[in-house]
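In case you want the letters, here they are:
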Amino acid sequence: MISIEKYSEKRKTEIDLLGVRPEQAAFTVSQISDFIASLQEHEHPHLIIDNGQVVGFFLLDLLYTETYGFSDSKALGIRALLVGHHYQGQGGAGYRNSGNQLITCLRGSILSRF
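Residues numbered from 1 in each chain as written. Predicted model: local features only at pLDDT ≥ 70, side-chain atom pairs only at ≥ 80, totals over all residues. Heavy atoms only, no water.

**Q** Just checking my understanding: could you explain the overall build of the protein for this structure?
**A** The helix and strand tally for the protein stands at four helices and four strands. Reading the protein from its N end, one meets helices and strands in the order β-α-α-β-β-α-β-α. Across the 114 residues of the protein, 41% fall into the buried class. Counting contacts in the protein only where the partners sit at least 6 residues apart, residues at least 24 apart contribute 59% of the total. As displayed, the protein offers around 6,900 Å² of accessible surface, 51% of which is attributable to carbon and sulfur atoms. (Helix = DSSP H or I, 4+ residues; strand = E, 2+ residues; numbered from the N terminus. Buried < 20%, exposed > 50% of the residue type's maximum accessible area, 1.4 Å probe, protein only. Contact = heavy atoms within 4.5 Å. Areas by Shrake-Rupley, 256 points an atom, 1.4 Å probe, with all protein chains shown as cover.)

**Q** Explain the sheet that holds strand S2 (residues 43-50) to me, please; I cannot follow it from the model alone.
**A** Two modes of strand pairing occur in sheets, parallel and antiparallel, and in both the strands are linked by backbone hydrogen bonds. The sheet built from four strands is open, its strands ordered S1-S2-S3-S4 with antiparallel pairing. Each of the sheet's edge strands pairs with one partner strand only, and the pair in question is strand S1 (2-6) and strand S4 (77-83). The average undirected angle you get between the axes of adjacent strands in this sheet is 25 degrees. Here strand S3 (residues 53-61) pairs with S4 via five bridges, running antiparallel. Pairing of Leu60 across the sheet is with Ile78, part of S4. (Pairing = 2+ DSSP bridges. Axes fitted to C-alpha atoms, helices over the stretch in contact; angles between N-to-C directions.)

Next comes the structure, spelled out in structure tokens:
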């Protein structure tokens, strides 16, 4: 089952193991730990968990509209989405129906935290 959790240091080792294929690298972050260290207050790192294991990462940007200006005024941005290459194509986070599952999980996660 896919779930989302806010990033915490206890998962750092698992995050450091995530990576994408070389041809995907230009479309996401490569060194997630370094990226997390440079985040601003409105940027919230989250993990994609599948059956207790970290399989992906994304950034929830609360000021997405102000930063990028091309979205709806109430939009939140999902940036730096990464599903580890070992987990791609397996039916989970990257994964066939996961877009819908991710949105459902994210909706619950956002409502409970923000």
